[in-house]
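# Architecture at a glance
Listed below, chain by chain, are the residues.
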Amino acid sequence: MGIFGRKSDTTVPTGTPAAVSPDLAALTGDYTIDPAHSTLGFVARHAMVTNVKGKFNDFSGTLHLDGSDPAKSTASLDITMDSIDTGSADRDGHLRSADFFKTGEFPAMTFRSTEAEALGGDDYRITGDLTILGVTKPLTIDLEFNGAAKDPFGNERVGFEGKAEILRSEWGLTWNAALETGGVLVSDKIKLNFDISAIKNA
């Protein structure tokens, strides 16, 4: 199976050169991420004993998918940091403050891809530049292609799930508090989760 479509039942006539299938070629193009049906989430370890999950409610992004050469595919994301949501108003306020994201000074987090790689089957890897607090570092995201479909409104959609891990300290997010029992309040390692639905541009 490939990143741009499931296996086709179409038989290639004898003598026809092996090429990109019509299904793959049809899905090549530019897409806009649909925030209403996508989730950008994260998980942090809290007090060494439990996980706190959060997400960003305001973001936009684009994809360019290349059916003939997946390595030429690209992705970009722009995330509004004030939209952080962990289910606790007090915690969200702290995350927006100077201790963490300084959202008044750095209102956005961005990702711009620099490389895409097919790993086999429905698995892919995309690498790019993640910018937080004005600091840009490389980020690698492992992706699984979930398929393509036309919705009831005539939109051509593709779907992906992705995951990655970062050390927040590498982007200058170093605030913490020591625990009496040892360890710290907030983990340095943060897990990132992506559930993306994107609509093909007309």
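Residues numbered from 1 in each chain as written. Predicted model: local features only at pLDDT ≥ 70, side-chain atom pairs only at ≥ 80, totals over all residues. Heavy atoms only, no water.

### Quick notes on the overall build of the protein
Counting its secondary structure elements, the protein contains 2 helices and 11 strands. Helices and strands appear in the protein in the N-to-C order α-β-β-β-β-β-β-α-β-β-β-β-β. Taking all 202 residues of the protein together, 37% fall into the buried category. Contacts in the protein between residues far apart in sequence, at least 24 positions, make up 56% of those at least 6 positions apart. Taken as a whole, the protein presents about 11,200 Å² of accessible surface, with 53% of it coming from carbon and sulfur. (Helix = DSSP H or I, 4+ residues; strand = E, 2+ residues; numbered from the N terminus. Buried < 20%, exposed > 50% of the residue type's maximum accessible area, 1.4 Å probe, protein only. Contact = heavy atoms within 4.5 Å. Areas by Shrake-Rupley, 256 points an atom, 1.4 Å probe, with all protein chains shown as cover.)

### So, the pattern of salt bridges
Inspection of every chain in the model, using the stated rule, returns 5 salt bridges. As a salt-bridge pair, Asp-82 and Arg-96 come within 3.9 Å of each other at their nearest N and O atoms. Within this pair, whereas Asp-82 is found in the loop between β5 (74–80) and β6 (84–85), its partner Arg-96 is found in helix α2 (residues 89–96), the two being separated by 14 residues in sequence. Residue Asp-82 is classed as partly exposed on the basis of its relative accessible area, which comes to 44%. Among the ionic pairs, Arg-157 bridges to Asp-151, the shortest N-O distance being 2.9 Å. With respect to class, Arg-157 is no different from Asp-151; both count as buried. Sharing partners across several salt bridges, the network here consists of Asp-34, Asp-151 and Arg-157. (Salt bridge = Lys/Arg side-chain N within 4 Å of Asp/Glu carboxyl O.)

### As for the side chain of Ser-83
Among the structural elements, Ser-83 can be located in the loop between β5 and β6. Only 2.6 Å separates the side chain of Ser-83 from the backbone oxygen of Thr-80, close enough to count as a polar contact. The contact partners of Ser-83, leaving out residues within four places of it in the chain, are Lys-55, Phe-56, Asn-57 and Asp-58. (Polar contact = N/O pair within 3.5 Å; in protein donor to acceptor, adjacent residues only side chain to side chain.)

### Section: the pairing of strand β9 (residues 135–150)
Where a strand is regular, its side chains alternate between the two sheet faces. Sheet topology places strand β8 (residues 123–132) next to β9; 10 bridges connect them, and they run antiparallel. Considered in β9, the bridge of Ile-126 is made with Ile-141. Between β8 and the antiparallel strand that follows it, β9, lie 2 residues; Leu-133 among them carries a positive phi value of about 55°. Pairing geometry for β9 and strand β10 (residues 156–167), over 8 bridges, is antiparallel. Its bridge partner lying in β10, Phe-145 is registered against Phe-160. Hairpin connection between β9 and β10: a loop of 5 residues separates the two successive antiparallel strands, and Gly-154 in this loop has a positive phi of roughly 90°. (Pairing = 2+ DSSP bridges.)

### Quick notes on the pairing of β10
With 11 bridges connecting them, β10 and strand β11 (residues 186–200) associate as antiparallel partners. Pairing of Gly-162 across the sheet is with Phe-194, part of β11.

### Notes on the environment of Glu-170
Mapped onto the elements, Glu-170 comes out in the loop between β10 and β11. When the C-alpha atoms of Glu-170 and Thr-136 are compared, they prove to be 9.4 Å apart, with 34 residues separating the residues in sequence. Ignoring sequence-local partners within four residues, the contact set of Glu-170 consists of Val-135 and Lys-137.

### Notes on the environment of Asp-78
With respect to the helices, strands and loops of the structure, Asp-78 is situated in strand β5. For the pair Asp-78 and Gly-61, spaced 17 residues apart in sequence, the C-alpha to C-alpha distance is 6.1 Å. Excluding residues that lie within four positions of it along the chain, Asp-78 makes contacts with Phe-59, Ser-60, Met-109, Thr-110 and Arg-112. In this structure the side chain of Asp-78 is engaged in a polar contact, spanning 2.9 Å, whose partner is the side chain of Arg-112.

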